[in-house]
Amino acid sequence: MIEELGHPYEKFLRKDRIPHIWCEGCGNGIILNCFAMALDELNLDLNKVVVVSGIGCIGRVSGYTNTDSFHTTHGRPIAFATGVKLANPELKVVVISGDGDLFAIGGNHFIHAARRNLDIQVICANNFIYGMTGGQYGPTTPLESWTTTTPYGNIEQAFNLVHLAAACGSVYVARWTTLHTRWLTEAIKKALQKEGFSFIEVVSQCPEIFGRYNKMETPLKMMKWFKEASVVQHFSDPAKAEITPNRITVGEFVDIEKPSYGRLLREMTTRAAEKK
Amino acid sequence: MTNIAIEKSKVVRSGRRFMSGDIACAEGALAAGCLFFAGYPITPATEIAEHMARRLPEVEGVYIQMEDEIGSMAAVIGASYAGVKAMTATSGPGFSLMMENIGLAVMTETPCVVVNVMRGGPSTGQPTMPGQQDVMQARWGSHGDYEIIALAPSSVQEMFDLTIEAFNLAETYRVPVSVLADEIVGHMWERVNIPDIDSIKIVNRKKPTAPPSNNFAPFKPEKDLVPPMAIFGEGYRFHATGLTHDERGYPRTESAEAQTRLVRRLCDKIRKNRDRIIRVEKAMLEDAEVAVVAYGIAARAGLSAVRKARARGIKAGLLRLVTLWPFPDEQVALVARQVKAIVVPEMNCGQMLREVERAAKETPVIFLSKLGEEPHKPDEILDAIEGVQR
């Protein structure tokens, strides 16, 4: 009976790719669901949406969305998306990838795409760890956390992603957790309609690895942390929005207008093409 | 990248022109239909980027200067999947950074052109000096098994012609194609005959003939082993990945059968079409007893040496390799069976030498190595030719 009814968002998924590879209780499914909801509510032409991902658990998301999609090398989805968007500006190009992919190996592409104000949307699933390789610390792993490569506790400071994104010039920056599905969906909708570079950090649970190493071994325990630590505060100073065990500031941080790279490129091309 | 028709004269500046190799390369790319360049400044290839930055907007194309060569190569692949002919240009250090994504282009069968104006390495080496040290890297630089195409221009005219050829081969076989130039060919100024746009042979990738459907298989090959290429935005809603995949484009990470099938086809589509791909140029080889086998700038000194040898009554000839990869095994073997010895001048410590030795079998191969500023002098090659005759 369930098969007959179908899932309300199944048209956004490649059904022959389901079941997905993600662990039970992983936050990636929630992010994918919110993305599908956003596409549905905006009624976007799916033939003109391209989902690009890198390597890692969430990197597999591009294989599940029923759009044109590309699964790039590790760290390079934004650079790949740059080529797609500039070659065909009609396409809505969305990068969905992880914290390690976007901010460790791929950090350079992120800061420069944001600086250029390239017309793409970047959604980062921040699970604080390299999940696919079994749980090593990454650029967002909180200080003193336990991972397979911090057996004595993490001594590295974590990136504050919303601060980084704002400083690099993003026109839209928001952070939500997988607990805030409605807010997250609205943020994705907003980002998809912005001109220029928009960034959404989704604090996501990895109970199977990060949780187990850090005394939150069930999805519920991780979500409980998100619930207790989250404070909704719109347009607060992103510099002060570090994620700590006691506080996860969520909300919109940046929502500004400025000419996108695509707009300036079109204007420049017009000038050049008119040149005698 | 609009549909507005661009005046042909803006795309191809036909006529006799005087230009550098790097500029000829850029003009060749435009003539081939290239509308996207992503790159990063690097000596001695920078002039290609500079010229593309000026010229591409005139024809409604896009130039973007990326943050590094890794991003440049990724952007080129993205642009190609969005349906546009795309290229980058670099030199040794940048070529090294591009290697992982060149492998991605191989795996996702992305038509694209990578120009490498070779300088002296390893590492930062000698940025303003010529070299031919990236020949093996062009073949084997990315991890895994694959076949690839590389062409070696030896004149400014060929920088124009072979860049067009590189795009045509890339579009035909859905493979990244390298133009392996060197600093001398890149920076040298010579006369170039740029033909009328309508007389330039242009190849565009095969497109799927079937309309979009749920069963669309974007990596299902045709008889030539090359799949027609769907592009983003046309409704096919297909998936491509650097993972081993099936004909649907879906990951098959645990199947030996899928790995074997895909990797063999990626190799075979080049190997089985080698006769259509490989180009060599022969000079005075008919009755030759000594052959010079060379490519790029070294082939020019080689030709001069062969002429001088002939003037002295020595039966010498030149086999110039225009295609470096796939390696022209049969062509070299044929020459080897005819001559007493082969002379290989190369601006490295012996890279193509290995391939020539392998193909030449019993025939002795004399190696003339050059490193640094100065290319081979014709007389140095002539000495080697005369040494064989003595």
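Conventions used here
- Residues numbered from 1 in each chain as written.
- Chains lettered and ligands numbered in written order.
- Predicted model: local features only at pLDDT ≥ 70, side-chain atom pairs only at ≥ 80, totals over all residues.
- Core = buried A, V, L, I, M, F, W, Y, C linked by C-beta atoms within 7 Å.
- Buried ≥ 20, exposed ≤ 12 C-beta atoms within 10 Å, placed from the backbone.
- Helix = DSSP H or I, 4+ residues; strand = E, 2+ residues; numbered from the N terminus.
- Domains from an automatic or database assignment.
- Contact = placed C-beta atoms within 7 Å.
- Nonpolar A, V, L, I, M, F, W, Y, C, P; charged D, E, K, R; others polar.
- Axes fitted to C-alpha atoms, helices over the stretch in contact; angles between N-to-C directions.
- Parallel < 35°, antiparallel > 145°, perpendicular 65-115°, else oblique.
- Left-handed = near helix turned anticlockwise from the far one by under 90°.
- Pairing = 2+ DSSP bridges.
- Expected span 1.5 Å × (residues − 1).

K.L.:
How should I be thinking about the nonpolar core in this particular structure?
P.N.:
Note on soluble globular proteins: their nonpolar side chains tend to be buried together. Counting residues in hydrophobic clusters, the biggest one holds 215 residues, and the most contacted among them are Val 84 of chain A together with Phe 36, Val 113, Val 115 and Leu 324 of chain B. When residues of this core are assigned to their parent elements, the largest contribution, 10 residues, is made by helix 7 (residues 156–173) of chain B. Taken together, domain 1 (8–199) and domain 2 (280–389) of chain B each give at least three residues to this core, which thus spans both. Filtering out sequence-adjacent residues up to four positions away, Leu 324 of chain B remains in contact with Val 135, Ala 150, Leu 151, Ala 152, Leu 180, Tyr 295 and Met 352 of chain B.

K.L.:
I'm lost on the domain arrangement of chain B in this one. Help?
P.N.:
Note: interface size is frequently given as the accessible area lost on complex formation between the parts. Residues and elements named next belong to chain B. Segmenting chain B into domains produces domain 1 (8–199) and domain 2 (280–389). Put simply, the middle of domain 1 and the middle of domain 2, counted by C-alpha atoms, are 26 Å apart. Listed as interface residues are 22 residues of domain 1 and, on the opposing side, 22 residues of domain 2. Those elements that place two or more of their residues in the side of domain 1 that touches domain 2 are strand 6 (126–130), helix 6 (135–140), strand 7 (149–151), strand 8 (176–182) and helix 8 (183–187). The dominant element in the side of domain 1 that touches domain 2, judged by the number of residues it contributes, is helix 6, at 4 residues. When grouped by side-chain class, the residues that make up the side of domain 1 that touches domain 2 number 13 nonpolar, 6 polar and 3 charged.

K.L.:
Explain the packing of helix 4 (residues 69–81) of chain B against helix 5 (residues 92–107) of chain B here, please?
P.N.:
What describes two packed helices is the angle between their axes and the distance between those same axes. Residue and element names in this part refer to chain B. It is at 7 Å that the axes of helix 4 and helix 5 come closest, and there the two elements cross at 30 degrees. By the angle between their axes, helix 4 is roughly parallel relative to helix 5. Of the two possible hands of crossing, helix 4 and helix 5 adopt the one that is right-handed. In this structure, helix 4 uses Glu 69, Ile 70, Met 73, Ala 74 and Ile 77 to contact helix 5, whose residues at the interface are Gly 94, Leu 97, Met 98, Asn 101, Ile 102, Leu 104 and Ala 105.

K.L.:
Just checking my understanding: could you explain the environment of Val 306 of chain B for this structure?
P.N.:
All names here are of chain B. Secondary-structure assignment places Val 306 in helix 11 (residues 296–311). Between the alpha carbons of Val 306 and Arg 54 there is a distance of 41 Å; along the sequence they are 252 residues apart. Residues contacting Val 306, with those up to four places away along its chain left out, are Ala 283, Met 284, Val 292, Ala 316, Gly 317 and Leu 318.

K.L.:
Can you help me understand the interface of chain B and chain A in this one?
P.N.:
Taken together, the contact between chain B and chain A spans 40 residues of the former and 36 residues of the latter. Of all the elements in the fold, those that place two or more residues in the side of chain B that touches chain A are strand 2 (36–39), helix 3 (46–58), strand 3 (62–65), helix 4, helix 5 and strand 10 (239–241) of chain B. Here the side of chain B that touches chain A gets 9 residues from one element, more than from any other, and that element is helix 4 of chain B. Here the side of chain B that touches chain A is composed, by residue class, of 25 nonpolar, 9 polar and 6 charged. Alignment of strand 2 (residues 68–71) of chain A against strand 10 of chain B, held across 3 bridges, turns out to be parallel. Across the sheet, residue Phe 70 of chain A finds its bridge partner in strand 10 of chain B, namely Ala 240 of chain B.

K.L.:
Mind showing me how you'd approach helix 9 (residues 256–271) of chain B here?
P.N.:
For helix 9 of chain B, built from 16 residues, the straight-helix expectation of 22 Å at 1.5 Å per residue is met to within 8% by its first-to-last C-alpha distance of 22 Å. Of the surrounding elements, those touching the buried residues of helix 9 of chain B are helix 5, strand 7, helix 7 and helix 10 (274–277) of chain B.

K.L.:
How should I be thinking about unusual backbone geometry in this particular structure?
P.N.:
When glycine is set aside, most residues are seen to have a negative phi, and most peptide bonds are trans. Residue and element names in this part refer to chain B. For the bond running from Gly 121 to Pro 122, omega is 0 degrees, close enough to zero to count as cis. Relative to the helices and strands, Pro 122 resides in the loop between strand 5 (112–120) and strand 6. Although it is not a glycine, Glu 60 sits at a positive phi angle of roughly 65 degrees. Residue position: Glu 60 is located in the loop between helix 3 and strand 3. In this structure Glu 60 comes out as partly exposed when scored by C-beta crowding, with 19 C-beta atoms within 10 Å. Positive phi, normally seen in glycine, also occurs at Lys 361, with a value near 55 degrees. With respect to the element layout, Lys 361 can be found in the loop between helix 13 (352–360) and strand 16 (365–369). Here Lys 361 falls in the exposed class, since 10 other C-beta atoms lie within 10 Å of it.

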